[in-house]
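# Results of the structural survey
Spelled out, the chains give:
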Amino acid sequence: MATGSVVLSAMRGSNLDMVRRRNLSLVLGRVHELGAVSRARLTKETGLNRSTIAALVNELVLLEHVIETDPDQAHQQVGRPSPVIVPSDRTVAVVVHPEMDSVEIGLVALGGRVLRRVRFDTERVPSPREAVNIAAAVIDGMRGELDAFHTVGIGLVIPGLVRASNGVVAVAPHLGWRDEPVAEMLQDATGYRVAAANDASLGAIAESVRGVGRGVGQLVYLNGGASGIGGGIMSSGSPIGGASGFAGEIGHTLVRNDGDPCHCGSAGCLETEVARAPLLEALDLAPHESERLNDVLLEHLSHASADDPVRAIVNRQRKYLAVALGNVANILNPNLIVFGGFLQSLYAVDPVGLTAAVRARTMSGPDRDVTLAQAGLGASILMVGAAELVFADLIADPARSSGTPRASRTAAL
Ligand SMILES: [Zn+2]
């Protein structure tokens, strides 16, 4: 009997601990998402009582993940002011983003604020080892600061396919990387846990959590960069990765039967027919001036004739973009398709026209649902997305996580 009571008591204790941890996760998740939230709102939203919320918040304060601030009296309703909880800037994620001509390292606080970005230019396309060495050296330089923070881990942004089962970069075509365990290499070099994912998948996460896709159920994100078009899919707040984590390669869907050969081995892919380089060239812009593309293009078209050659390129690219997006809408029935990079410019030329062209290719059900929008997060989008990947583990179990580097593990989308 005595033994049974002890077992029962232990089980009850274990269940209570599980409930407490789940509630900690719930509260930290809301604070991270909203940026600032009153105790009263947490009480209302979670259905937990006031003293439970107070205890959970106190625990998160002790863990240094949140700070409790004085209530802003001006925004209080009638009655006792409720303390406001904000994410702590001391809980951070490091982000590493290798590209063809650089390795960028960022620091993002819980709550999604980008604290710092350091860009290290490279003279040639970095090898995996070179990218890891650069990132490790920059992180070493920040070590004093990071040790004072609660550094949760590193989010690794990959312009290529990342295998979901082991975090290995299956292929990053423009970096020339194939079957490279970059996340593991970075983890070994820095001691921090590393989670890797495809860049456009991270863009989709960022726009879904903190951009124009906030609160949107079904979202597709398409990014147009120097090297091609990437895509990411979100469904009810979760990324859709497919069998191996490679889903979302909308840039390699067929839009033109007699199109140009693509590096993927196919031909007539969206990214061979819709590309940034011809637009820049037609407007006499150098690659490093791509941030001016939108303004220069809109200005040019505002007084261009009907047979203007730039207009012809834009119209052709918009036509093929609409073909791909019609397929996307029919297959996925998204609420929202978000454009990043130069695709924003193709959309901005005539948002209504592109929306109509996509809807014209869509069945009568999905066509009523789908809307198009430009990305809302600008240059910080990949930093924010990669940090979300890192913070997801912390939020899942705030009490478990410690501030010190942990054992090897990689995650991927
Ligand atoms: Zn292709």
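These numbers come from a predicted model, not from an experiment.

Here we take up the sheet that holds strand 12 (residues 218–225). Strand pairing in a sheet relies on backbone hydrogen bonds. The paired strands run either parallel or antiparallel. Taken in spatial order, the five strands make up an open sheet running 14-13-12-15-16, and their pairing is mixed. Across the chains shown, the open sheet's two edge strands, defined by having one partner strand only, are strand 14 (238–239) and strand 16 (371–374). Note that strand 12 and strand 13 (residues 228–235) share eight bridges and pair antiparallel. Looking across to strand 13, one finds that Leu222 is bridged to Gly231. Packed onto the sheet, helix 7 (residues 199–210) meets strand 12, strand 13, strand 14 and strand 15 (336–341) and runs at close to 45° relative to strand 13.

The next point concerns the coordination of the zinc ion. Ligation of the zinc ion by protein atoms is provided by His252 (ND1), Cys262 (SG), Cys264 (SG) and Cys269 (SG), these donors lying 2.0 to 2.4 Å from the ion. With four donor atoms in place around the zinc ion and angles of 103 to 123° between them, the coordination shape is tetrahedral. Exposure remark for Cys269: the relative accessible area of 1% places this residue in the buried category.

In the structure shown here, the tally under the stated rule is two cavities of 30 Å³ or more. By volume, the second largest cavity is sized at about 40 Å³. Contributing to the lining of the second largest cavity are Val96, Pro98, Val103, Ala131, Val132, Leu156, Trp177, Val182 and Leu186. For the lining of the second largest cavity, the per-class residue count stands at nine nonpolar, no polar and no charged.

Residues in a regular strand point their side chains to alternate faces of the sheet. Burial along strand 3 (residues 84–87) is two-sided: Val84 and Val86 and Ile85 and Pro87, pointing in opposite directions, are all buried. Bridging between strand 1 (residues 37–38) and strand 3 involves two bridges; their strand directions are antiparallel. Residue pairing for strand 3: Ser38 is matched across the bridge by Val84. Note: strand 2 (residues 66–69) against strand 3, four bridges, orientation antiparallel. When the sheet's bridge partners are listed, Thr69 is paired in strand 3 with Val84.

Criteria and cut-off values
Residues numbered from 1 in each chain as written. Predicted model: local features only at pLDDT ≥ 70, side-chain atom pairs only at ≥ 80, totals over all residues. Heavy atoms only, no water. Pairing = 2+ DSSP bridges. Helix = DSSP H or I, 4+ residues; strand = E, 2+ residues; numbered from the N terminus. Contact = heavy atoms within 4.5 Å. Axes fitted to C-alpha atoms, helices over the stretch in contact; angles between N-to-C directions. Donors = N, O, S within 2.8 Å, 3.2 Å for Na, K, Ca; no water. Tetrahedral: all angles 85-135°; square planar, octahedral: opposite > 155°, others 65-115°. Buried < 20%, exposed > 50% of the residue type's maximum accessible area, 1.4 Å probe, protein only. 1 Å grid on protein atoms, 1.4 Å probe; cavity = no way out; pocket = protein on both sides within 12 Å on 5 of 7 lines; lining within 4 Å. Points joined across faces, edges and corners; volume = space filled by probe spheres on them. Nonpolar A, V, L, I, M, F, W, Y, C, P; charged D, E, K, R; others polar.

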